[in-house]
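Spelled out, the chains give:
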Protein chains: 2
Amino acid sequence: MGKYVFGIDVGGTTIKCGLFQTDGTLLEKWEIPTRTENSGEAILPDIAESVKAKISERGLNKDEIVGVGIDVPGPVNEKGELSVAVNLNWGYKDIVGELSGHLDGMKVKAANDANAAALGEMWAGGGKGTKSLVMVTLGTGVGGGIIVDGKIVAGAHGAGGEIGHACVDPEEETQCNCGNHGCLEQMASATGIARLAKKYLASHDTPSSLRSRGDSISAKAVFDALKEGDQAAAEIVEEFSEYLGNALAIFSSVVDPEVFVIGGGVSKAGQILIDGVRKYYQRDAFVSCKDTPIVLADLGNDAGIYGAARMLLD
Amino acid sequence: MGKYVFGIDVGGTTIKCGLFQTDGTLLEKWEIPTRTENSGEAILPDIAESVKAKISERGLNKDEIVGVGIDVPGPVNEKGELSVAVNLNWGYKDIVGELSGHLDGMKVKAANDANAAALGEMWAGGGKGTKSLVMVTLGTGVGGGIIVDGKIVAGAHGAGGEIGHACVDPEEETQCNCGNHGCLEQMASATGIARLAKKYLASHDTPSSLRSRGDSISAKAVFDALKEGDQAAAEIVEEFSEYLGNALAIFSSVVDPEVFVIGGGVSKAGQILIDGVRKYYQRDAFVSCKDTPIVLADLGNDAGIYGAARMLLD
C-alpha cells in the first residue's frame, strides 16, 4: 500500500514540488527553477532528479510511493499528452511517458495547471468534502477547472475548464488574446475588470476616486474604492458580477457542481466579491441549483501541488 | 458474465422497455402503459412484472442478466434518487432501492430521461465511438445530457445537463416556465422558435409566407419556409442559430466534448439546422474546440432505452 505521493506544479519560472501523505498531509514543499532553454528539455529530467533526491534523502521505500502527479501551463488531454505550453517552450509532449521513463517506470499522471488547482481545492481547500466543483481562477487571465465525480474533466482537446474563453458577450468589439470576442476573461480577469472600469469612466460622469489613477487603474483599486463607498466602483463591480454570476449559472446547468470555488489574485477582494457574484448567480441559475455555495479558494499557490498529487489517488 | 441487460424508459403515458445484449444489440422492445393514478404507485411494480415476464418467456438464466436501467422524466441524482416527476405523480423516490426490491435484488441504475438519451446516443447513435458528448434535445422544451468519460453527469441536484435552462439572455422580459428569464428553452425549443418568429414578424415588415399562418406558426413552418427561400424565416433561424451556437460554444469551454448531438422534433429540419448552428458555434468556441463535430441524433425515441441499459455496463 502506498503511503506517499508527489505533486509537482510546473510554472514558467519555478517548479513547485510537494511530498504528501496519501491522507492529504503536506509533509514538505520545495522549489526548483524552471530551465526553459533548449525547448525546455531539462525540465522533466530536473523534476525526476529532484524527486529521486527527496526519496533518497528521506530514505523512503519505493513501494510506499504511489506516484508523481504533475501539472503544466497548457492543455493536457485525458492521456496526459500536452499539445503546447508556450511558457515552457514545449510543443507536443507525452509528459506521462517521458517523466515515468526518467523515474524508472514510476506511475505518473499529468494535467493542466488550472485543472489540477481545482482538484487540489477539492482535496484540501475550499471544496473539501465534495466530489464535484467548478473552480474559477481570477488572475491576469481567467482560468478554470471542472471536477466531476472526484476527477478532472480534461476534455477531448484538453480544453475542459477553459471557462475564461466562454463567450459571454458576442457583441463585444475588443478582441481577446485567444482571437475571439467577448470571452469571460475580458470581463472578469484583473485586466478585464480594469478594462470595464476604463470603459465605464470614459462613458459616465459619475465622480470617482478612480479617475485620479488615469490609465493605471487596477482590479484591486476598483474593489478598494468599492469598499470605500465609491459609486462608480460599485457600478463597475456590478457589471463584472453580472457577467461572472450569469456564467456560473450557465455552468451549473451543464455540470451542476456541489460548490463553486473562486480563487486567483482578484479573489483577494474577499466576501464582497462573492456576494456580488452570488446575486446574479441566483437570478439566473436553474431553480434546483440556486443555493449552490460560492466560496473562496483556500490553498493559494499550493493548490497545484495538492491537485497534482491527488490525481494519483483514484 | 452477464449477457443481457434491460433498458426502461418511463414516460407520462407509456413505458418503453428494451432487452439488449451487452454488445448493444437490441433483441426486442415493447411497451406497457404508465399507470399514474394513486401517486403512480403501480409504475415500478408494473415494470418489475414486465421484466420478470420477459425473463421467463425467453427462459433466460438470471446469472446472465447484468441488471435493469431505468430513466424517468425528472431530476435524478448520482445515487439514483428522484426528487420529483410531475408527469408520473411522483415526489421523492428511491428508484434504485424500490425497483431492485421488486426484482429480488437485481442490480438497478436510474437516471433522468434526457441524460439517458445522451448515453444511448453515445452507445449506439450519433455519438457512437466517443466517450464524451453533449446532447441537446430540441422538442417542446429543450433537454440535454452531458456524458464525460462514458458516464452521465447527473449533478449535485440532478440538474446536470439542464441546458434548456441555461440563461442565455438575462435581458429577456418574457418569463420561462421555470420562473427565470432568458432560458435557452425560450429561444431554441419548438415553442421558442415559434415565439422568436412571432416577435420577428411583429417588428419587421419583411414579406413572408409565414404571415398567413397568424398565431399558428410552428418551428417546422419556419424551417420549411427557410428551405423555400423565405427571407424572414432565414433571419428567424439566424437568431435561433446564434443563441444555440453560442450556448454550445460556452458548453465546450466547460466540458470540451468529442461531439455535440442534436435531437428532438426540431432536429428533423436536418442538415440546414446543423449548418446554421455550427456557423455561430465556430465563431464563439475556443480555438482548440472549433472543429468539434455537431451531428444529428440517430436513435429517435429509442435513445432512452439504449441509454438506460448502457448505464449497467460500466
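What counts as what
- Residues numbered from 1 in each chain as written.
- Chains lettered and ligands numbered in written order.
- Predicted model: local features only at pLDDT ≥ 70, side-chain atom pairs only at ≥ 80, totals over all residues.
- Heavy atoms only, no water.
- Pairing = 2+ DSSP bridges.
- Helix = DSSP H or I, 4+ residues; strand = E, 2+ residues; numbered from the N terminus.
- Axes fitted to C-alpha atoms, helices over the stretch in contact; angles between N-to-C directions.
- Contact = heavy atoms within 4.5 Å.
- Expected span 1.5 Å × (residues − 1).
- Buried < 20%, exposed > 50% of the residue type's maximum accessible area, 1.4 Å probe, protein only.
- Phe/Tyr/Trp six-rings, centres within 6.5 Å; stacked < 30°, edge-to-face > 60°.
- pLDDT = per-residue confidence, 0-100.
- Least-squares fit on C-alpha atoms with pLDDT ≥ 70 in both.
- Buried area = accessible area lost by both parts, 1.4 Å probe.
- Polar contact = N/O pair within 3.5 Å; in protein donor to acceptor, adjacent residues only side chain to side chain.
- Nonpolar A, V, L, I, M, F, W, Y, C, P; charged D, E, K, R; others polar.
- Parallel < 35°, antiparallel > 145°, perpendicular 65-115°, else oblique.
- Left-handed = near helix turned anticlockwise from the far one by under 90°.
- Salt bridge = Lys/Arg side-chain N within 4 Å of Asp/Glu carboxyl O.

Draft legend 1. Quick look at the sheet that holds strand β1 (residues 4–10) of chain A. Residue and element names in this part refer to chain A. In space, the five strands of this open sheet follow the order β3-β2-β1-β4-β7, with mixed pairing throughout. The sheet is open, and its two edges are formed by β3 (26–33) and β7 (108–112), each paired on a single side. Within the sheet, the average angular offset between the axes of one strand and its neighbour, ignoring direction, is 20°. Bridge analysis of β1 against strand β4 (residues 65–72) gives six bridges, and the strand direction is parallel. Its bridge partner being in β4, Asp9 is matched across the sheet by Asp71. Packed on one face of the sheet, helix α3 (residues 95–102) meets β4 and β7 and runs near 140° to β7.

Draft legend 2. Up close: the sheet that holds strand β11 (residues 259–263) of chain B. All names here are of chain B. Spatially, five strands are ordered β10-β9-β8-β11-β12 in an open sheet, and the strand pairing comes out mixed. This sheet does not close on itself; its edge strands, each paired only once, are β10 (151–152) and β12 (294–296). Inspection of the sheet shows β11 paired to β12 by three bridges, in the parallel sense. Note on β12: the bridge partner recorded for Ile262 is Leu296. Seen against the sheet, helix α9 (residues 271–284) touches β8 (133–138), β11 and β12 and runs at an angle of roughly 165° to β12.

Draft legend 3. Region of interest: helix α9 (residues 271–284) of chain A. Residues and elements named next belong to chain A. Counted at 1.5 Å a residue, the expected span for α9 with its 14 residues is 20 Å, and the 20 Å between its end C-alpha atoms agrees. When we look at burial in α9, the residues that qualify are Leu273, Ile274, Gly276, Val277, Tyr280, Tyr281 and Asp284. As for α9, its buried residues are in contact with β8 (133–138), α7 (219–227), α8 (231–255), β11 (259–263) and β12 (294–296).

Draft legend 4. Inspection of helix α10 (residues 303–310) of chain B at higher detail. All names here are of chain B. Counted residue by residue, α10 has eight buried out of eight residues, so it is predominantly covered. All of the buried residues in α10 are Ala303, Gly304, Ile305, Tyr306, Gly307, Ala308, Ala309 and Arg310. Against β1 (4–10), β2 (14–21), β3 (26–33), β4 (65–72) and α4 (113–124) lie the buried residues of α10.

Draft legend 5. Summary view of the packing of aromatic side chains. Inspection of the entire model under this criterion finds twelve aromatic pairs over all chains. Ring centres of Phe20 of chain B and Tyr306 of chain B lie 4.7 Å apart, and the angle between their planes is 65°; this geometry places the pair in the edge-to-face category. Taken as a pair, Phe20 of chain B in strand β2 and Tyr306 of chain B in helix α10 lie far apart in primary sequence, 286 residues in all. Residues Phe20 of chain B and Tyr306 of chain B agree in their burial class; the two are buried. Ring geometry for Trp123 of chain B versus Tyr306 of chain B: centroids 6.1 Å apart, planes at 75°, classification edge-to-face. Here Tyr306 of chain B lies in helix α10 and Trp123 of chain B lies in helix α4, a separation of 183 residues in the sequence. Of the aromatic side chains, those joined through ring pairs into one cluster are Phe20, Trp123 and Tyr306 of chain A.

Draft legend 6. Quick peek at the confidence of the model for chain A. The share of residues in chain A with pLDDT of 70 or more is 100%, and the mean pLDDT across the chain is 96. With pTM at 0.95, the complex prediction returns an ipTM value of 0.95.

Draft legend 7. Layout of the relation of the copies chain A and chain B. Least-squares fitting of chain A to chain B yields an RMSD of 0.0 Å, with the transformation described by 0.0 Å of translation along the axis and a rotation of 180°. When the rotation and shift are considered jointly, the pair of chain copies conforms to a two-fold rotation axis. With an isologous cut-off of 70% or more, the 100% of interface residues of chain A that recur at the interface of chain B puts this contact in the isologous class.

Draft legend 8. Looking closely at the interface of chain A and chain B. If you look at the interface, chain A gives 39 residues, while chain B gives 39 residues. Buried area between chain A and chain B, summed over both chains or domains, comes out near 3200 Å², and the portion from carbon and sulfur atoms is 59%. Linking chain A to chain B there are 22 residue pairs in polar contact (both at pLDDT 80 or more). Elements with a minimum of two residues in the side of chain A that touches chain B: β9 (142–148), α8 and α9 of chain A. By residue class, the composition of the side of chain A that touches chain B is 19 nonpolar, twelve polar and eight charged.

Draft legend 9. Local environment of the side chain of Thr130 of chain A. Residues and elements named next belong to chain A. With respect to the secondary-structure elements, Thr130 resides in the loop between α4 (113–124) and β8. Reaching out from Thr130, the side chain makes a polar contact with the backbone oxygen of Gly127 at a distance of 2.7 Å. Thr130 has contacts with Met122, Glu258 and Val259, leaving out every residue within four places of it along the chain.

Draft legend 10. Summary view of the packing of helix α2 (residues 43–57) of chain B against helix α3 (residues 95–102) of chain B. Residue and element names in this part refer to chain B. Two numbers describe how α2 lies on α3: the axes approach to 9 Å, and their chain directions differ by 45°. As the angle between them shows, α2 and α3 are arranged oblique. Judged by the sense of rotation from one axis to the other, the crossing of α2 with α3 is right-handed. Here α2 contributes Leu44, Pro45, Ile47, Ala48 and Lys52 to the contact with α3, which in turn contributes Ile95, Glu98, Leu99 and His102. Class assignment for the residues of the contact of α2 with α3 results in six nonpolar, one polar and two charged.

Draft legend 11. Looking closely at the pattern of salt bridges. Under the defined criterion, the tally for this structure stands at 36 salt bridges over all chains. Notably, a salt bridge pairs Lys3 of chain A with Glu64 of chain A, separated by 3.8 Å at the nearest N-O pair. Pair noted here: Lys3 of chain A is in the segment before β1 and Glu64 of chain A is in the loop between α2 (43–58) and β4, with a separation of 61 residues, a long-range link. Among the salt bridges present, the one from Asp314 of chain B reaches Arg310 of chain B, with a minimum N-O distance of 3.4 Å.

Draft legend 12. Representation of the environment of Gly69 of chain A. Residue and element names in this part refer to chain A. Topologically, Gly69 is positioned in strand β4. The spacing of Gly69 and Arg310 is 241 residues in sequence and 7.5 Å in space, taken between C-alpha atoms. Sequence-distant contacts of Gly69, that is, excluding residues within four places in its chain, are made with Phe6, Gly7, Ile8, Lys109, Ala308, Met311 and Leu312.

Draft legend 13. Examining the packing of α4 of chain B against α10 of chain B more closely. All names here are of chain B. Packing of α4 against α10 brings their axes to within 6 Å, and their N-to-C directions diverge by 85°. The pairing of α4 with α10 is recorded here as roughly perpendicular in orientation. Where α4 approaches α10, its residues Ala116, Ala117, Leu119, Gly120, Glu121, Met122, Trp123 and Ala124 are matched on the opposing element by Ala303, Gly304, Tyr306, Gly307, Ala308, Ala309 and Arg310. Residue composition of the contact of α4 with α10, grouped by class: ten nonpolar, three polar and two charged.

Draft legend 14. Structural context of the pairing of β3 of chain A. Bridge count between strand β2 (residues 14–21) of chain A and β3 of chain A: seven bridges; the pairing is antiparallel. Bridge assignment links Ile15 of chain A to a residue of β3 of chain A, and that residue is Ile32 of chain A.

Draft legend 15. The arrangement of the pairing of β8 of chain B in detail. Residue and element names in this part refer to chain B. Extensive coverage of β8 is indicated by the burial of five of its six residues. Judged from the six bridges that link them, β8 and strand β9 (residues 142–148) form a sheet pairing that is antiparallel. Its bridge partner lying in β9, Leu133 is registered against Ile147. Linkage of β8 to β9, two consecutive antiparallel strands, is achieved through a turn of three residues. Pairing geometry for β8 and β11, over five bridges, is parallel. Residue pairing in the sheet places Met135 in a bridge with Val261 of β11.

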